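Overview (structure and organization)
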Amino acid sequence: MPEVKMRTISYSTAINEALHEEMARDEKVFLMGEDVALSAISPATAGLGDRFGHERVRNTPISELGFTGAAVGAAMAGYRPVLDMRRIDFMMLAIDPIANQAAKLRYMLGGQVSIPLVIRAPEGGGSQNGPTHSQCLEAWFIQVPGLRVIVPSDPADAKGLLKSAIREDNPVLFVEYRALYSLEGPVPEGDHTEPIGKAAVKREGSDITLIGIGSQARSCLEAAELLAGEGVDAEVVDPRTINPLDVEGIADSVRKTGRCIVAEEGHKSGGVGAEIAASLQEAAFGALKTPINRVAALDVPVPVHTKLEAIVLPSTEKIVAAAKKVLS
Amino acid sequence: MARSTSRLSRKRLGEMYRTMLRIRRFEETADDLYMVGKVVGGVHVSIGQEACSAGVCAALREDDAVLTTHRGHGHSIAKGTRLPEMLAELMGKVTGLCRSKGGSMHIADVSKGHYGAHSIVGANMPMAAGIGLAYQLEGKDQVAVVFFGDGASNNGAFHEAMNLCAIWKLPVVFFCENNQYAVSVPAEYSTSVDDISVRSKGYDAPGLTVDGMDVAAVYEASREAVAHARRGLGPSLIEGKTYRFFGHSRGDPHYGMYRTKEEWEGWKGRDPLIVCEKMLKMTAKQKKAHADAVEAEIKEAIEFAESSPEPEESVALEDIFA
């Protein structure tokens, strides 16, 4: 194996690199969304409009239903559109082309079409943007057969999984965590891809498994450091994709530690954590020494005020507290 | 409302008549099979509206695209969709176009440029814009036509798709079959305009209302709109005023619930087949020749569908991911 050279870049730069590389590699890839053409608007799309032109880096009207449906049509006709939703909250205006059309067309038409579409959906709170600009909605979409759902938590996965998503012949919801945009981390140089459908152990440990989705995988790593200071050896597992969910990959860790916390930024009820907890008790009930505990956003909208927002959203401290409860 | 001039050759018009008859007989057959329990799922027939299907598709090339609706048998047939595989789909056979997983409301034959019946009202229009965008990006001169009803013209998807096509000059023809009713709700109640084609003005695109019972009028308007799109000049909106002689589905009668007998009889007197027969001054012998040829096609389709196998259980889990 040749030595892989690493360098440190941010999560948003990793996304930007993946877009640059895939657009250069395949002329069928094009990017579409509100405010994607001008470099200054988002670091994730910087330089693309200048490099590839405004045909392939295409501003849209504020018309989520229209341009998402158009992307599905272009995908049926042989293109590989990548959509920029700006915020997942705005994507609610485009649920029909995603859930009724993109996800079902191949099945409904008996395999006559494939829909190679990537929907980039930045999301999440912590910036005092309030109830309609802070949500994490990935749990909604694991209920939609036919859709891949990817939730990267660090720069290497953001780059590697976005490149894989663009090469995938199926519709992919690619969730980006706004709180992680400035997070720096090591990313291999060159054509770095990561497999869709494989969980990753982000920190090895033996006492408890902390499973984190997206932004909360990062919080789990911070929680593991704090727990280490108190003599607890926590393992951190990041599912990385939640449809398909790598149940066996996650269960392997739980079989080792016997204890488990699931943390996500979405709301607790009907959340990704609920799905993971249910899957784990099916796959590894005998290995569990204690009940699985969930850390998630409380079941209220995300308020603007800093203090109130912190009450509602999950955090490193809440994960530490939950872990201690499970270990006691 | 635009009516036809008489520039069409008898041969061309005769082909359109044949298409309309094929649609009529296919849908009558589907309805009969539904009544004896041989059709799986719902069926929405377009009997009465055949001139729209036949007139529009006669203006298209084989490599152009159509997208249609839950009431899409006519558009499918007019675009060249294979009857045996289509009937097999309705009858829940694995040889069906969608391997028995889409049914009547999702008929597609992509090999014939038929990108699907789409049963969520309005959803097909943004997708048509996207297919038009693909043609434009590739530098092709193909055109996509999207069929929809009066009800769908009140849906945001129509307006968003019209705007996208207009700003990007996409090669898309919007064809509204105004059959006067969205299930039971009259267009005059639900729609802000008398002629839906005037909505094109909001998008600075050509709009025209035609007699949707006159296949020649539909063809002439469509030919112009298709040429406009092919030249890279963007979308057009055509409205065909038409009528379905059957209920929305099998759940409602031809008249008496939300349509009067007088209204129904008025439109029935303008049956697009009869209108076309008169234009062609068709003799009884000529009519019989058309009918015999179509019956042979229908018979072949029934035999194929009846003798085809039902799906294996494994089919339920196939075609989900590429």
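1. Considerations on the side chain of Ser153 of chain A
Residue and element names in this part refer to chain A. With respect to the helices and strands, the residue Ser153 is situated in the loop between β6 (148-150) and α7 (155-167). A distance of 2.6 Å separates polar atoms of two side chains, one belonging to Ser153 and the other to Asp238. Sequence-distant contacts of Ser153, defined by excluding residues within four places in its chain, comprise Tyr11, Leu180, Leu183, Lys202, Gly214, Ala217, Arg218 and Asp238.

2. Examining the sheet that holds strand β9 (residues 200-203) of chain A
Within a sheet, each strand pairs with its neighbour through backbone hydrogen bonds, oriented either parallel or antiparallel. Residues and elements named next belong to chain A. Taking strand neighbours across the sheet as the criterion, the 5 strands line up as β9-β11-β10-β13-β14 in an open arrangement whose pairing is mixed. On the outer flanks of this sheet lie β9 and β14 (293-297), each paired with one strand and no other. Ignoring which end each strand starts from, the neighbouring axes of this sheet average 25° apart. Where strand β10 (residues 208-212) meets strand β11 (residues 234-238), 4 bridges bridge the pair, whose relative direction is parallel. Paired with Ile208 across the two strands is Ala234, which belongs to β11.

3. Here's the deal with the packing of helix α1 (residues 10-35) of chain B against helix α10 (residues 272-280) of chain B
Residues and elements named next belong to chain B. Relative to each other, α1 and α10 sit at 155°, their axes nearing to 10 Å. Taken together, α1 and α10 sit at an angle that is classed as roughly antiparallel. The handedness of the crossing between α1 and α10 is left-handed. Residue-level inspection shows Arg10, Leu13, Gly14, Tyr17, Met20, Leu21 and Arg24 of α1 in contact with α10, the latter providing Pro272, Leu273, Cys276, Glu277, Met279 and Leu280. Split into classes, the residues belonging to the contact of α1 with α10 amount to 9 nonpolar, 1 polar and 3 charged.

4. A look at the layout of surface pockets
Residues and elements named next belong to chain B. Taken as a whole, the largest pocket encloses approximately 310 Å³ of empty space. For the largest pocket, the lining is made up of 23 residues, of which His70, Arg71, Val121, Gly149 and Gly151 are closest to its centre. If you list the elements that add at least two residues to the lining of the largest pocket, you get β3 (144-149) and β5 (181-182). With 3 residues, β3 is the largest single contributor of residues to the lining of the largest pocket.

5. Focus on the side chain of Arg240 of chain A
Residue and element names in this part refer to chain A. As for its position among the elements, Arg240 is in the loop between β11 and β12 (241-243). Given a relative accessible area of 6%, Arg240 falls into the buried group. A polar atom in the side chain of Arg240 sits 2.9 Å from the side chain of Glu194.

6. Regarding the pairing of strand β1 (residues 65-68) of chain B
All names here are of chain B. Burial along β1 is two-sided: the residues Ala65 and Leu67 and Val66 and Thr68 are all buried. Pairing between β1 and β3: 3 bridges, direction parallel. Of the residues in β3, the one forming a bridge with Val66 is Val145. Relative to strand β2 (residues 114-117), β1 runs parallel, the two sharing 2 bridges.

7. Here we look at the nonpolar core
One finds Met91, Leu105 and Ile115 of chain A together with Ile131 and Phe174 of chain B to be the most contacted residues of the largest nonpolar core, which totals 116 residues. In terms of residue count, helix α5 (residues 124-138) of chain B provides more of this core than any other element does, 8 residues in total. Two domains each donate at least three residues to this core, and these are domain 1 (6-188) and domain 2 (200-327) of chain A. Counting residues in hydrophobic clusters, the runner-up holds 65 residues, among them Tyr17, Ala58, Leu90 and Ala221 of chain B.

Cut-offs and rules
- Residues numbered from 1 in each chain as written.
- Chains lettered and ligands numbered in written order.
- Predicted model: local features only at pLDDT ≥ 70, side-chain atom pairs only at ≥ 80, totals over all residues.
- Heavy atoms only, no water.
- Helix = DSSP H or I, 4+ residues; strand = E, 2+ residues; numbered from the N terminus.
- Polar contact = N/O pair within 3.5 Å; in protein donor to acceptor, adjacent residues only side chain to side chain.
- Contact = heavy atoms within 4.5 Å.
- Pairing = 2+ DSSP bridges.
- Axes fitted to C-alpha atoms, helices over the stretch in contact; angles between N-to-C directions.
- Parallel < 35°, antiparallel > 145°, perpendicular 65-115°, else oblique.
- Left-handed = near helix turned anticlockwise from the far one by under 90°.
- Nonpolar A, V, L, I, M, F, W, Y, C, P; charged D, E, K, R; others polar.
- 1 Å grid on protein atoms, 1.4 Å probe; cavity = no way out; pocket = protein on both sides within 12 Å on 5 of 7 lines; lining within 4 Å.
- Points joined across faces, edges and corners; volume = space filled by probe spheres on them.
- Buried < 20%, exposed > 50% of the residue type's maximum accessible area, 1.4 Å probe, protein only.
- Core = buried A, V, L, I, M, F, W, Y, C linked by side-chain atoms within 4.5 Å.
- Domains from an automatic or database assignment.

By themselves, these figures tell us nothing about what the structure is for.
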